[in-house]
Amino acid sequence: MMTDLDMTNFLILIAVGLHAVGYMVRDELRLRALVLSGTAIYLIYYFLVPGGPLWDAFLAASLIAIINIIMIAVLIWERTTIGMSDAAKRIFKSFGTLTPGQFRKLYAKASHNSADIARQLVKAEERQNRLFLVYQGTVEIGFGGDRHRQATPFFAGEIGFILEDIATADVFVGAGTKYLSWDYDDVRKMMGRNAKLENALIALFSKDLARKLGRSAPIKP
């Protein structure tokens, strides 16, 4: 029959095992979940140990457990669209290389615009200071006087942003068109503080440019 001492020793083995497996896992969410599970076993041990409870150890482990619970909540928030509005969720689909958490940071910096009349967002051969995402309405791109209708969602100003140079085309939107805009400097500051966000945005703009080139110059047999 298992004694109380055997039981508490068994709990320690389980807790150590959970921590060991957790530290071998690369995914941070799984790591923290396993460490939290191990800490929970330690809490049971500190409470049931013969001669206990060991309140000092129990309180210390409780603090570690609370920190892990908070970080798990942060990770879930970063990886899911929980709490995101329906409008934000629809726009998020245009940012396929970003995580929900990265998108939330970018979305918080965006200016929300609705064109009351037809207007020009980007003028060719001029330096721009804003990045645009047209997500609803009509948008046209112009080259040398020719204008071509484009499908939404449509990024504009990203070439000037990436190259830090003049715009290469005119971009027009129709009345009632809805779009987001960001100041170049705000986006660059965010990228400078977060390398993962920087890589995600560069990948996003690269895919968008490749898609535009594919539409403008289709390969013919």
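Right above here is the structure, for reference.
The following paragraphs examine the structure supplied in this document. (Residues numbered from 1 in each chain as written. Predicted model: local features only at pLDDT ≥ 70, side-chain atom pairs only at ≥ 80, totals over all residues. Heavy atoms only, no water.)

### With respect to unusual backbone geometry
The criterion, for reference: Numbering of helices and strands runs from the N terminus; a helix is a DSSP stretch of H or I covering at least four residues, while a strand is a stretch of E covering at least two. Only protein chains enter the accessibility calculation, which uses a 1.4 Å probe. A residue is then buried if its area is under 20% of the maximum for its type, exposed if over 50%, and partly exposed in between.
Following Thr-152, the chain continues to Pro-153 via a peptide bond in cis, the omega torsion being 0 degrees. By secondary structure assignment, the location of Pro-153 is in the loop between β5 (146–150) and β6 (154–156). Look at Glu-125: it is not a glycine, yet its phi comes out positive at around 65 degrees. Inspection of the secondary structure assignment puts Glu-125 in the loop between β2 (119–122) and β3 (130–136). Notably, Glu-164 is not glycine yet its phi reads approximately 55 degrees, a positive angle. Structurally, Glu-164 is set in the loop between α6 (158–163) and β7 (170–173). Using a relative accessible area of 52% as the deciding quantity, one classes Glu-164 as exposed.

### Considering the sheet that holds β7
Keep this limit in mind: Being paired, for any two strands, means DSSP has found at least two bridges between them. In this analysis an axis means a line fitted to C-alpha atoms, helices contributing only their contacting stretch, and an angle means the value between N-to-C directions, from 0 to 180 degrees.
Within the open sheet, the four strands sit side by side as β2-β7-β4-β5. Their pairing is antiparallel. The open sheet has two edge strands, β2 and β5, and neither has a second partner. Across the sheet, the mean angle separating the axes of adjacent strands is 30 degrees when strand polarity is ignored. As judged from the three bridges shared by β2 and β7, these two strands associate in the antiparallel manner. Each residue of the ladder has a partner; that of Arg-119, found in β7, is Val-173.

### Here's the deal with the nonpolar core
Put simply, the rule is: Take the buried Ala, Val, Leu, Ile, Met, Phe, Trp, Tyr and Cys residues and link them wherever side-chain atoms come within 4.5 Å; each set so joined is a nonpolar core.
Ranked by internal contacts, the top residues of the largest apolar core, which has 25 residues, are Phe-95, Leu-98, Phe-103, Leu-106, Trp-182 and Leu-201. Elements supplying a minimum of two residues to this core: α4 (86–92), α5 (100–108), β3, β8 (178–183), α7 (184–193) and α8 (195–216). It is α8 that provides the largest number of residues to this core, a total of five residues. Core analysis: the second largest hydrophobic core is formed by 14 residues, Ala-115, Phe-154, Ala-167 and Tyr-179 among them.

### A look at the sheet that holds strand β1 (residues 111–114)
The test is simple: Note on contacts: a residue pair is in contact if any heavy atoms of the two residues lie within 4.5 Å.
Here we have four strands laid out as an open sheet, ordered β1-β8-β3-β6, and antiparallel in their pairing. Edge strands, defined here as strands with exactly one partner in the open sheet, are β1 and β6. Direction aside, neighbouring strands of the sheet carry axes that sit 25 degrees apart on average. Of the strand pairs in this sheet, β3 and β6 are connected by three bridges, and their pairing is antiparallel. The residue bridging Phe-132 from the neighbouring strand is Ala-156, located in β6. Packed on one face of the sheet, α7 meets β3 and β8 and runs near 65 degrees to β8.

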